[in-house]
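Each chain, written out:
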Amino acid sequence: MSEYDVIVVGAGNAALAAAVSAKENGAERVVVLEKAPREMRGGNTHWSGGVLRFAFDDPREIAPLVPGAEEQIENFYDGIAPYPYDDYHGDLMRVTGGRTDPVLSDILVRNSKDTVFWMNEVGQVPMEPALSLSAIKKDNKVIWARGLVVRAKHEGVGLSRAWFATAEAMGIEIRYGAAARELIVDDSGKVCGVKIRDDDGMHTLEAKSVVLGAGGFEANVQMRTQHIGTNIGNAKVRGTPHNQGDGLRMAMDIGAMPTGQWSGCHATPISADWGEFAPRELTDRSNRLSYPFAVMVNLKGERFVDEGEDPALFTYAKFGRAILAQPGAKAWQIFDSQTLHLLEARYSTSDPIVADTLEDLVELLDIEDKAQALRTLKAYNEAARDAGEGFDPTKKDSLGTHGDLKPPKSNWALRLDKPPFHAYSATGGITFTFGGLKVTEDAQIVGTDWRPIPGLYCCGEMVGGLFYDNYPAGTGLVSGATFGRIAGRSAAKAAQG
Amino acid sequence: MTQTQTIAERLAQRIVAFDGSVITPKARERALIGIVDTVAVMLAGAHTPCVATLRKVPGIADASGPCTLVAQADKVSMLDAALVNGTAAHALDYDDFSSVFGGHQSAPLVPALFALAEAERSSGKDVVTAYAVGVETEIRLARAVHFHHYDKGWHPTATLGTIGAAAATARLLGLSAEKTAIALALAVSQAAGVKANFGTMTKPFHVGMCARAGLLSTLLAREGFTANPGAFEHPQGFFEVFNGPGTYDTNRLFENWADPLELEDDGIVVKAYPCCGSTHAAIKAALLLRAEASLKPGEIASVEVLPHGRRLKHTDTPHPSTELQAKFSVQYVIARALLDGAVKLEHFDEAAISDAAVTELLARTEAKAHPDMPDDADSQWAAEVVVHTTDGRRLAHRIDNLMANGGAIPNSVSGMWEKFMDCAEAAHLPGDMGGAVFERLETLESASDMSQVLRLMKGAPARREEDKTSAGTYVAGDPAPETQWVP
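Computed from a predicted model, the values in this text were never measured in an experiment.

S.K.: Explain the overall build of chain B to me, and be specific about the residues and the numbers.
M.R.: On a plain count of helices and strands, chain B comes out with 21 helices and eight strands. For chain B, the C-alpha radius of gyration of 24 Å lies close to 23 Å, the compact-globule estimate for 487 residues. Counting only C-alpha atoms, chain B reaches 75 × 65 × 40 Å along its principal axes. Within the span of chain B, comprising 487 residues, buried residues form 59% of the whole. Of the roughly 18,700 Å² that chain B leaves accessible, carbon and sulfur atoms contribute 51%. Across chain B, 42 positive and 59 negative side-chain charges occur, with their mean positions spaced 2 Å apart.

S.K.: Which residues make up the overall build of chain A, and what values do they have?
M.R.: What chain A contains, in helices and strands, is 13 helices and 21 strands. Judged by the C-alpha coordinates and their principal axes, chain A covers about 75 × 50 × 40 Å. The 497 residues of chain A split such that 62% are buried. At a minimum sequence separation of 6, the contacts of chain A that also span at least 24 residues come to 73%. In the form shown here, chain A has an accessible surface area of approximately 17,500 Å², with 49% of it arising from carbon and sulfur atoms. Positive and negative side-chain charges in chain A, numbering 52 and 66 respectively, have mean positions lying 1 Å apart.

S.K.: Requested: an account of the side chain of R41(A), with residues and values cited.
M.R.: Residue and element names in this part refer to chain A. Here R41 shows up in the loop between β2 (30–34) and β3 (51–52). Of the side chains bearing the opposite charge, E168 lies closest to the buried R41, which forms no salt bridge; the N-O distance is 4.2 Å. Beyond its immediate stretch of four places on either side in the chain, R41 contacts E34, A36, H46, R161, F164, E168, Y176 and R280.

S.K.: Help me get a handle on the sheet that holds strand β5 (residues 300–307) of chain B, residues and values and all.
M.R.: Residues and elements named next belong to chain B. Spatially, the four strands line up as an open sheet ordered β6-β5-β7-β8, and their pairing is mixed. Each edge of the open sheet is held by one strand with a lone partner, namely β6 (365–367) and β8 (394–399). Strand-to-strand twist in this sheet, taken as the mean axis angle between neighbours without regard to direction, amounts to 10 degrees. Where strand β7 (residues 383–389) meets β8, six bridges bridge the pair, whose relative direction is antiparallel. Of the residues in β8, the one forming a bridge with V386 is A396.

S.K.: Account for the packing of aromatic side chains, naming residues and giving values.
M.R.: Applying the stated criterion across every chain yields a total of 28 aromatic pairs over all chains. Taken together, the ring pairs in this structure connect W154(B), F232(B), F238(B), F239(B), F242(B) and Y248(B) into an aromatic cluster. Sitting above the plane of the F164(A) ring, R41(A) keeps its charged end 3.9 Å from the centroid.

S.K.: Explain the state of the cysteines to me, and be specific about the residues and the numbers.
M.R.: Note on terminology: a disulfide is the covalent bond linking the sulfur atoms of two cysteines. Under the defined criterion, the tally for this structure stands at zero disulfides over all chains. No disulfide involves C192(A); its sulfur sits 19 Å from that of C458(A), the nearest cysteine. By relative accessible area, C192(A) is classed as partly exposed at 22%. For the unlinked cysteine C276(B), the closest cysteine sulfur is that of C275(B), found at 7.4 Å.

S.K.: Could you give me a rundown of the interface of chain B and chain A, with the residues and numbers involved?
M.R.: Each partner contributes residues to the interface: chain B has 40 residues there, and chain A has 58 residues. Together, the buried faces of chain B and chain A total about 4,100 Å²; carbon and sulfur atoms form 56% of this surface. Across the contact surface, chain B and chain A share six salt bridges. Between R161(A) and E439(B) there is a salt bridge whose closest N-O contact spans 2.8 Å. Between the two partners, chain B and chain A, sit twelve residue pairs in polar contact (both at pLDDT 80 or more). For the side of chain B that touches chain A, the secondary-structure elements that each account for two or more residues are α19 (417–427) and α20 (434–442) of chain B.

S.K.: Mind laying out unusual backbone geometry, listing which residues take part and the relevant values?
M.R.: Across the junction of K406(A) and P407(A), the peptide omega takes the value -10 degrees, indicating a cis bond. With respect to the helices, strands and loops of the structure, P407(A) is situated in the loop between α12 (370–383) and β18 (421–433). Cis geometry marks the peptide bond from D259(B) to P260(B); its omega dihedral reads 0 degrees. Considering the arrangement of structural elements, one finds P260(B) in the loop between α12 (251–254) and β4 (268–269). Here A61(B), not a glycine, exhibits a phi torsion of approximately 55 degrees, which is positive. Tracing the backbone shows A61(B) in the loop between α3 (49–56) and β1 (67–68). The class of A61(B) is buried, set by a relative accessible area of 3%.

S.K.: Requested: an account of the packing of helix α2 (residues 25–45) of chain B against α20(B), with residues and values cited.
M.R.: Residues and elements named next belong to chain B. Two numbers describe how α2 lies on α20: the axes approach to 10 Å, and their chain directions differ by 155 degrees. By the angle between their directions, the pair α2 and α20 is classed as roughly antiparallel. Here the hand of the crossing between α2 and α20 comes out right-handed. Seen from α2, the contacting residues are L32, V36 and V39; seen from α20, they are F438, L441 and E442. Of the residues belonging to the contact of α2 with α20, the class tally is five nonpolar, no polar and one charged.

S.K.: Which residues make up the pairing of strand β10 (residues 191–198) of chain A, and what values do they have?
M.R.: Residues and elements named next belong to chain A. In the sheet, strand β9 (residues 179–185) pairs with β10 via six bridges, with the strands oriented antiparallel. By the bridge assignment for β10, L183 is matched with V194. Hairpin connection of β9 to β10: five residues between the antiparallel strands, including G189 at a positive phi of 90 degrees. Pairing analysis gives six bridges linking β10 to strand β11 (residues 201–212), with the strands arranged antiparallel. Its bridge partner being in β11, V194 is matched across the sheet by L205. Linking two consecutive strands that pair antiparallel, namely β10 and β11, is a turn of two residues.

S.K.: Give a description of the environment of I60(B) that names residues and reports values.
M.R.: Residue and element names in this part refer to chain B. Structurally, I60 can be placed in the loop between α3 and β1. Accessibility expressed as a relative area gives 17% for I60, which makes it buried. If near-sequence neighbours (up to four positions away) are discounted, I60 is found in contact with L54, R55, D80, L83 and V84.

S.K.: Any chance you could break down the sheet that holds β3(A) for me, citing the residues and the numbers?
M.R.: Residues and elements named next belong to chain A. One open sheet accounts for three strands, arranged β3-β7-β4; its pairing is antiparallel. The outermost strands of the open sheet, each flanked by one partner alone, are β3 and β4 (127–129). Pairing of β3 with strand β7 (residues 150–152) involves two bridges; the strand directions are antiparallel. Bridging from a neighbouring strand, V51 pairs with R151 of β7.

S.K.: Explain the nonpolar core residue by residue, including any values.
M.R.: The biggest cluster of nonpolar side chains holds 127 residues, and the ones touching the most others in it are F114(B), F232(B), F238(B), F420(B), L441(B) and L444(B). Apart from the residues within four sequence positions on either side, L444(B) is in contact with L32(B), I35(B), G124(B), K125(B), V127(B), V128(B), M450(B) and V453(B). Of all hydrophobic cores here, the second largest spans 111 residues; its members include L33(A), L52(A), I196(A) and L437(A).

S.K.: Explain empty space enclosed by the protein to me, using residue names and the numbers behind them.
M.R.: Per the stated rule, a full pass over the model turns up eight cavities of 30 Å³ or more. Taken as a whole, the second largest cavity spans an internal volume of roughly 90 Å³. Along the walls of the second largest cavity sit L282(A), S348(A), T349(A), P430(B), M433(B), R455(B), L456(B) and K458(B), which together make up its complete lining. Split by residue class, the lining of the second largest cavity holds four nonpolar, two polar and two charged.

S.K.: Could you give an account of a negative patch on the surface, with specific residues and numbers?
M.R.: Residues and elements named next belong to chain B. Residues E346, D349, E350, E425 and D432 make up a contiguous surface patch of negative charge. Positionally, E350 belongs in helix α17 (residues 350–353). Given a relative accessible area of 64%, E350 falls into the exposed group.

S.K.: A description of helix α1 (residues 13–24) of chain A should follow, citing residues and the corresponding values.
M.R.: Residues and elements named next belong to chain A. Over its twelve residues, α1 runs 16 Å from end to end, which matches the ideal 16 Å to within 8%, given 1.5 Å per residue. Of all twelve residues in α1, ten are buried; the element is thus mostly enclosed. Regarding α1, the residues found buried are N13, A14, A15, L16, A17, A18, A19, V20, S21 and A22. Positive phi shows up at G26, right after α1, with a value of about 105 degrees.

S.K.: Which residues make up helix α5 (residues 109–120) of chain B, and what values do they have?
M.R.: Residues and elements named next belong to chain B. Over its twelve residues, α5 runs 16 Å from end to end, which matches the ideal 16 Å to within 8%, given 1.5 Å per residue. Among the twelve residues in α5, ten count as buried, and that is most of the element. All of the buried residues along α5 are L109, V110, P111, A112, L113, F114, A115, L116, A117 and E118. Backbone geometry just downstream of α5 places R121 in the positive-phi region, at approximately 55 degrees.

Conventions we followed
Residues numbered from 1 in each chain as written. Chains lettered and ligands numbered in written order. Predicted model: local features only at pLDDT ≥ 70, side-chain atom pairs only at ≥ 80, totals over all residues. Heavy atoms only, no water. Helix = DSSP H or I, 4+ residues; strand = E, 2+ residues; numbered from the N terminus. Rg over C-alpha atoms; globule rule 2.2 N^0.38 Å. Buried < 20%, exposed > 50% of the residue type's maximum accessible area, 1.4 Å probe, protein only. Areas by Shrake-Rupley, 256 points an atom, 1.4 Å probe, with all protein chains shown as cover. Lys, Arg positive; Asp, Glu negative; His and termini not counted. Charge placed at Lys NZ, Arg CZ, Asp CG, Glu CD. Contact = heavy atoms within 4.5 Å. Salt bridge = Lys/Arg side-chain N within 4 Å of Asp/Glu carboxyl O. Pairing = 2+ DSSP bridges. Axes fitted to C-alpha atoms, helices over the stretch in contact; angles between N-to-C directions. Phe/Tyr/Trp six-rings, centres within 6.5 Å; stacked < 30°, edge-to-face > 60°. Lys NZ or Arg CZ within 6 Å of the ring centre and 35° of its normal. Disulfide = S-S within 2.5 Å. Buried area = accessible area lost by both parts, 1.4 Å probe. Polar contact = N/O pair within 3.5 Å; in protein donor to acceptor, adjacent residues only side chain to side chain. Parallel < 35°, antiparallel > 145°, perpendicular 65-115°, else oblique. Left-handed = near helix turned anticlockwise from the far one by under 90°. Nonpolar A, V, L, I, M, F, W, Y, C, P; charged D, E, K, R; others polar. Core = buried A, V, L, I, M, F, W, Y, C linked by side-chain atoms within 4.5 Å. 1 Å grid on protein atoms, 1.4 Å probe; cavity = no way out; pocket = protein on both sides within 12 Å on 5 of 7 lines; lining within 4 Å. Points joined across faces, edges and corners; volume = space filled by probe spheres on them. Patch = residues over 30% accessible without salt bridge, like charges linked within 9 Å, V, L, I, M, F, W, Y side chains within 5 Å. Expected span 1.5 Å × (residues − 1).

So this is what it looks like as structure tokens:
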């Protein structure tokens with residue numbers, strides 16, 4: 001007899017949803033293999049903002065998730081637009097250029113609300129309105145971004161803690177420091193166990209079914225370089241250093257089929273202050289997205305993008321890559337004191353370099369061609385504008401640079417002339433990869449022979465085919481929990497069958 | 001050990017020789033809980049009038065230095081950080097305490113240790129060990145001088161805390177036994193604080209001063225400052241002056257030193273709710289009742305609160321109208337517990353106290369001494385809460401001894417999450433860093449550089465009210481815009 005009914009590899013949102021779901025669906029002996037030690041547990045979920053995008057027809061449907069919201073926020077439901085299936089699916093189609101997998105995206109969107117309620121009720125994940133992320137105050141009403149009203153209380157940290165607490169309360173065993181190395185397949189072709197490495201060496205754990213929820217390959221420089229390219233190879237990792245593509249590799253070793261955009265990932269400008277991996281305690285606060293109010297120069301002292309082309313939401317992905325293409329994969333964002341109050345709160349996680357003149361500032365930066373940097377800033381300032389000419393940070397203000405400055409700055413092109421001047425470093429940071437494995441509607445992994453592999457399921461970042469080029473914010477966690485829940489249920493059924 | 005050694009020297013020897021491996025898993029968890037609890041209340045206390053007033057004095061924390069003032073934008077000297085953060089740690093009187101100590105053992109230690117550790121870039125593991133040394137020193141001293149010391153009018157948190165803070169910081173800095181003894185003797189001369197000032201801003205100020213004094217003792221000793229290592233037993237030394245002849249027993253200071261650690265003592269209490277401790281048994285009963293019955297506020301017809309009579313005398317306040325009255329109203333806190341499933345800091349402002357839902361429930365809430373809990377009962381930390389529901393059910397939950405088996409302290413640091421996040425919210429850290437700070441502290445022993453831990457607790461510069469926009473800065477005409485937030 002197997003030691004376990006279900007082994008879950010990984011311990012982020014998707015994996016723990018799978019473990020809880022397996023237990024809920026009758027699997028008695030469920031173990032979670034977390035490769036990271038206790039203090040690094042929880043995968044990318046810990047780093048996330050905890051935002052949950054889901055479809056609903058009537059804003060009041062969300063009431064049970066956010067008790068007290070109506071008292072806390074005036075006219076709460078008046079500011080929320082319905083976000084029906086078609087809108088959510090339409091957003092997925094739009095940002096992926098129509099390439100999202102039709103079957104999987106339908107499962108995701110159709111189950112999204114039910115998934116979030118299940119996370120709340122069964123997963124015991126407390127939730128709250130995502131006020132600081134997706135709300136805009138307008139007159140006496142708070143207006144909410146479409147589909148993005150609810151988040152896990154205390155963001156990814158709270159979400160991760162809630163999942164672990166629930167899993168432990170349900171009697172699910174969690175093994176820290178247990179790195180899955182290899183899947184064991186019996187003669188019938190069925191996956192029947194996992195070979196692991198822990199502090200005591202190698203062991204084999206037997207199970208009736210296995211769920212892989214081990215994340216993508218964003219932390220693996222070899223795989224990044226190979227699949228996405230040298231620029232992304234140079235990126236810093238914003239999330240867990242443990243997402244090394246182990247699950248993908250293990251599954252492909254026994255014939256799993258890759259699918260989706262293996263050359264794609266979510267990447268954004270982040271601080272260059274840290275090493276290859278941003279510190280865990282900073283969670284998602286490594287982002288450096290207030291560049292529309294800055295001038296960005298590379299180490300050669302040159303500007304290389306139109307910082308004010310669009311709000312950051314529309315430019316971060318390409319600018320993250322643009323910075324990675326610069327010498328040293330680094331740039332400096334230079335602000336003067338008139339826009340400091342507009343910086344995203346996430347800037348507080350690093351200390352800027354500060355000086356009273358641009359000359360002194362450039363002297364303090366690691367720019368190789370300092371003379372060029374001063375020429376660049378001078379040319380910019382000559383083409384730039386005054387706040388009094390119509391600067392408006394709340395919208396594209398068309399306050400662009402004069403003349404033929406190259407590249408231009410099309411909006412918010414304020415002259416840098418109000419000392420002190422502040423410089424923040426920026427590089428490109430990778431969040432997660434889009435390439436994954438082919439799965440059935442039951443989250444069972446499909447082989448390169450187009451036959452499902454018995455006993456093997458996956459969820460989370462490992463599910464391929466949902467995201468191409470981009471993804472709608474708040475979809476990752478809901479997709480993780482949706483397919484985690486399905487994978488756990490399928491694995492439990494298979495274990496009983 | 002020789003007969004000629006003084007008490008300070010003997011103590012110093014133990015502090016220097018303290019072996020971190022004697023910290024059992026239970027003691028380790030308790031140490032982390034004490035540190036997490038202190039940071040929580042330090043964050044919550046950072047913006048109190050007490051701290052703001054302290055900072056108005058010219059020369060206090062107005063020059064920059066290497067150390068973080070929690071939840072504030074400035075970095076100041078070690079001594080200023082210990083003073084201001086120490087005062088914040090006790091500003092709400094919401095920090096942990098020990099019945100053996102007769103005071104608050106963590107608040108004097110953590111701010112001093114953190115200031116030193118930030119400047120010296122110490123490891124988290126060394127801070128935890130030094131904290132254990134500090135608690136051991138404080139509470140062993142308390143065993144030697146109590147309760148005469150307490151009854152006489154000294155505030156042990158401040159007097160013994162100063163010496164504990166010197167012991168802890170000397171250990172963290174790695175002073176020799178000789179210099180550690182000097183630091184302890186220096187601390188003796190700075191120990192101060194009388195109970196006459198309880199109930200005023202001066203009580204938390206005691207803690208700030210003792211954290212600063214303990215740290216200053218260590219820093220002076222490091223530089224070669226002199227003091228009398230006989231300062232404890234001298235006829236004009238600590239025991240004779242602060243206690244008096246025949247009122248102390250120095251043997252108890254060294255008896256069973258660190259075996260077991262004082263951290264394992266079940267007299268340690270973490271305040272779970274920001275209100276009078278005499279209401280806590282009833283609150284716990286109400287919360288458990290609410291959870292067990294999945295009770296909804298609308299189902300409550302009436303409430304009976306039945307604490308032990310001794311707990312009710314100063315908490316029988318049926319209709320509180322001020323923050324202080326609410327903290328001493330068992331009726332109010334039970335109504336809050338039943339309505340909200342929690343008793344939090346935010347429940348003690350004027351708006352919350354006059355909230356219609358709560359005043360309406362208070363009208364149906366009655367408190368009286370429990371008929372079956374006699375005055376001479378073994379445990380007087382007991383209460384029962386009874387709820388009559390609108391559909392005629394009678395629900396009851398009784399707590400017989402809140403303190404039993406270490407029941408007043410969580411089993412693990414995880415149990416501190418809710419209190420910590422409640423306190424962190426009050427600190428308004430930029431970008432809601434509370435969760436990250438908690439997780440960093442929860443695994444503090446793996447932190448290699450405390451300055452990186454402290455920087456997570458720094459506050460944002462004061463901003464203009466109109467700039468406090470949410471993430472949606474770009475207002476387009478669209479009534480339901482795209483999110484502007486980038487994951």
